[in-house]
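Close look at the chain arrangement
The primary structure of each chain is shown beneath.
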Amino acid sequence: KFDLKYLEVGDEIHVYDKDGTKLTFEIYFYDDYITAESPVEKIFGPADRPLLNLITCAGRYDRETNDSEKRLVVYSELVKVEQEDQAVAANIHD
């Protein structure tokens, strides 16, 4: 179970690829949106830097529509890439 609601600005998210490279994303913003009014382009659209946006259901669940009233979105940006042996590490903002 992933509790996105407990993440905060400045928290890190670590993602590992199949070769063991560690990608570190830092949360810079989060918000919740009424499902029908979610800014799809902002969440999933193109960006000028590597981003990882996580989205989950939030708010009350409506059994009739089989949907939640809101979407919680956590926005994060890539800040570091580390190879498996950590001999090669690069800070994205340097």
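Definitions and limits used
- Residues numbered from 1 in each chain as written.
- Predicted model: local features only at pLDDT ≥ 70, side-chain atom pairs only at ≥ 80, totals over all residues.
- Heavy atoms only, no water.
- Pairing = 2+ DSSP bridges.
- Helix = DSSP H or I, 4+ residues; strand = E, 2+ residues; numbered from the N terminus.
- Phe/Tyr/Trp six-rings, centres within 6.5 Å; stacked < 30°, edge-to-face > 60°.
- Buried < 20%, exposed > 50% of the residue type's maximum accessible area, 1.4 Å probe, protein only.
- Lys NZ or Arg CZ within 6 Å of the ring centre and 35° of its normal.

**Side note on the pairing of strand 2 (residues 22-34)**
In terms of strand pairing, strand 1 (residues 12-16) meets strand 2 through 5 bridges, oriented antiparallel. Bridge pairing in strand 2 links Y16 to K22. Following strand 1, the chain reverses through 5 residues before pairing antiparallel with strand 2; G20 in that reversal takes a positive phi of roughly 90°. In the sheet, strand 2 pairs with strand 4 (residues 67-82) via 12 bridges, with the strands oriented antiparallel. Following the sheet pairing, E26 is matched in strand 4 by E77.

**Points about the packing of aromatic side chains**
With the rule as written, the count across this model stands at 2 aromatic pairs. Look at Y28 and Y75: their rings are 6.3 Å apart centre to centre, the planes differ by 45°, and that puts the pair in the tilted class. You can see Y28 sitting in strand 2 and its partner Y75 sitting in strand 4, a full 47 residues away along the chain. For Y75, a relative accessible area of 1% translates into the label buried. On the numbers, 5.6 Å between centres and 40° between planes, the contact of F29 with Y75 is tilted. With F29 in strand 2 and Y75 in strand 4, the pair connects residues that are 46 residues apart, well separated along the chain. Here the aromatic residues Y28, F29 and Y75 are joined through ring pairs into a cluster of three or more. The positively charged end of R49 is found above the aromatic ring belonging to Y28, 5.1 Å away from the centroid.

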